[in-house]
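Structure at a glance
Listed here are the chains, written in short residue letters.
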Amino acid sequence: MAGEFFGKVAAITGAGRGIGDAIAARLIEEGAKVFSFDLNDPDEARNGVTYLKVNVADPGSVEEAFGSIDREAGQIDVLVNNAGVQRVALAENMRPEDWHLVINTHLTGMHLCCAQAIRRMRARGRGGAIVSIASAAGIVGIPGRGPYSAAKAGIEGLTRVYATETAAANIRVNAVAPGSTRTKLIEQGLKDGSIRGDWQIERIPMGRLAEPWEIADPVVYLASDRASYITGQTLVVDGGWTVQGMVHIADWLVPSQAVPGG
Ligand SMILES: NC(=O)c1ccc[n+]([C@@H]2O[C@H](COP(=O)([O-])OP(=O)(O)OC[C@H]3O[C@@H](n4cnc5c(N)ncnc54)[C@H](O)[C@@H]3O)[C@@H](O)[C@H]2O)c1
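What comes next concerns the included structure. (Residues numbered from 1 in each chain as written. Predicted model: local features only at pLDDT ≥ 70, side-chain atom pairs only at ≥ 80, totals over all residues. Heavy atoms only, no water.)

What follows concerns helix 1 (residues 18–29). Helix length check: helix 1, at 12 residues, gives a terminal C-alpha distance of 17 Å against a target of 16 Å (1.5 Å per residue), a fit within 8%. Where burial is concerned, most of helix 1 is hidden: 10 out of the 12 residues are buried. G31 lies just past helix 1 and shows a positive phi near 95°. (Helix = DSSP H or I, 4+ residues; strand = E, 2+ residues; numbered from the N terminus. Expected span 1.5 Å × (residues − 1). Buried < 20%, exposed > 50% of the residue type's maximum accessible area, 1.4 Å probe, protein only.)

Given below as structure tokens:
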């Protein structure tokens, strides 16, 4: 089988559904052997993915998962840190357990998985690629998203630090910061009222949410040899949301139409 990831082994956290599942689909298409580290069973299991029950915030669970990859595949070439959760409350109402859950899942989870992957990639001496999912919410302030925004901004910082620590070993470390993407995470927000779809879409210059594959493609690019000189970067994939400074725009400057479906 051909494909630019033929012979490579990838671990994707949170690949049971949503963006992680879309990334798994693209990497399999390109010939990779894929392991999913997810707390939950997949919505729909994909051929070619080995699903492991893993809590990325738990050091023992992460170590065990990498041990399974050692036994079953003997190498790790790509790590995608994607697992995530959301808890929404204003600072004064944020429960400490929710704060810790969000920070531990996104930021500590990234660190724990990077530590295990980097150790193995360095020892093998063939380089590697790590891509972590940050967020537009780590770049702009959104009320109620304190721990989420802090964790996502932290992911960008950790990306730069680990890029400098591993560049000489040809291990590249990058991040993708998506805007609002059509997954169950967003559905949950629409359901609990923490997101209003029409309000949000109005503020996205492209006039629509992203589809999961539109986030998966840039992740796969950064993980591939085509991005061989890119490290320490965050690629923002948000339909122009974070670069639009003004909310109220004079009528004669409002773009007349967004093209549906891009
Ligand atoms: N959907 C969006 O609009 C959006 C925007 C920006 C960033 N993101 C980020 O993209 C990533 C994927 O989001 P999604 O929208 O596909 O969400 P999702 O809720 O559909 O999927 C997240 C997956 O992570 C898994 N998970 C949660 N906690 C875990 C843990 N401790 N250990 C292992 N797995 C765990 C869940 O079981 C689930 O399968 C997240 O990091 C999210 O913050 C999403």
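So, on to the pattern of salt bridges. Applying the stated rule across the entire model yields 17 salt bridges. The closest approach of N and O atoms between D70 and R120, which form a salt bridge, is 2.9 Å. Pair noted here: D70 is in helix 2 (residues 59–72) and R120 is in helix 3 (residues 96–124), with a separation of 50 residues, a long-range link. Among the residues examined, D70 registers a relative accessible area of 36% and is labelled partly exposed. The partner of R95 in a salt bridge is D98, and the shortest N-O contact between them spans 3.1 Å. Taking relative accessible area as the criterion, R95 reaches 46% and is therefore assigned partly exposed. Among the ionic contacts, a cluster of salt bridges with common partners joins R26, E29, E30 and D217. (Salt bridge = Lys/Arg side-chain N within 4 Å of Asp/Glu carboxyl O.)

Moving on, we get to the packing of aromatic side chains. Tallied over the entire structure, the rule returns 1 aromatic pair. Ring centres 5.3 Å apart and planes at 85° place the aromatic pair F37 and F66 in the edge-to-face group. Separated by 29 residues along the polypeptide, F37 in strand 2 (residues 33–38) and F66 in helix 2 bring together distant segments of the chain. A single burial state applies to F37 and to F66, both of which are buried. The ring of W199 has R203 lying over it, and the distance from NZ or CZ to the ring centre is 3.7 Å. (Phe/Tyr/Trp six-rings, centres within 6.5 Å; stacked < 30°, edge-to-face > 60°. Lys NZ or Arg CZ within 6 Å of the ring centre and 35° of its normal.)

Okay, the environment of R126 next. With respect to the helices, strands and loops of the structure, R126 is situated in the loop between helix 3 and strand 5 (128–133). In sequence terms R126 and I155 are 29 residues apart; their C-alpha atoms lie 24 Å from each other.

Read across the sheet, 7 strands follow the order 3-2-1-4-5-6-7 without closing on themselves; strand pairing throughout is parallel. Single-partner strands in this sheet number two, and they are strand 3 (49–53) and strand 7 (234–237). Here the average twist between neighbouring strands, direction ignored, is 20°. Relative to strand 2, strand 1 (residues 9–13) is paired through 5 bridges, and the arrangement is parallel. Residue I12 lies in a different strand from strand 2, and its bridge partner there is S36. Across the face of the sheet, helix 3 comes into contact with strand 1, strand 2, strand 4 (78–81), strand 5 and strand 6 (171–178) while running at roughly 175° to strand 4. Seen against the sheet, helix 4 (residues 146–166) touches strand 5, strand 6 and strand 7 and runs at an angle of roughly 165° to strand 6. (Pairing = 2+ DSSP bridges. Axes fitted to C-alpha atoms, helices over the stretch in contact; angles between N-to-C directions. Contact = heavy atoms within 4.5 Å.)

A few words on the environment of I142. Mapped onto the elements of the fold, I142 is located in the loop between strand 5 and helix 4. Apart from residues no more than four positions distant in its own chain, I142 is found in contact with A137 and W241.

If you check the shell around the ligand, you find 30 residues, and the closest are R17, D38, Y148, T181 and T183. Contacts to the ligand include N55, whose side-chain N or O atom sits 2.9 Å from a nitrogen atom. About the coverage of the ligand: the protein hides 96% of its 840 Å² of free accessible area. Those elements that place two or more of their residues in the shell around the ligand are helix 1, strand 2, helix 3, helix 4 and helix 5 (184–192). Looking at the shell around the ligand element by element, the count peaks at 3 residues for helix 5. Residues of the shell around the ligand, tallied by class, amount to 13 nonpolar, 13 polar and 4 charged. (Near = heavy atom within 4 Å. Polar contact = N/O pair within 3.5 Å; in protein donor to acceptor, adjacent residues only side chain to side chain. Areas by Shrake-Rupley, 256 points an atom, 1.4 Å probe, with all protein chains shown as cover. Nonpolar A, V, L, I, M, F, W, Y, C, P; charged D, E, K, R; others polar.)

In this section: the packing of helix 1 against helix 7 (residues 212–223). It is at 8 Å that the axes of helix 1 and helix 7 come closest, and there the two elements cross at 55°. As the angle between them shows, helix 1 and helix 7 are arranged oblique. Handedness of the crossing formed by helix 1 with helix 7: right-handed. Residues G18, I19, A22, I23, R26 and L27 of helix 1 touch helix 7, and the partners they reach there are P212, W213, I215, A216, D217, V219 and V220. (Parallel < 35°, antiparallel > 145°, perpendicular 65-115°, else oblique. Left-handed = near helix turned anticlockwise from the far one by under 90°.)

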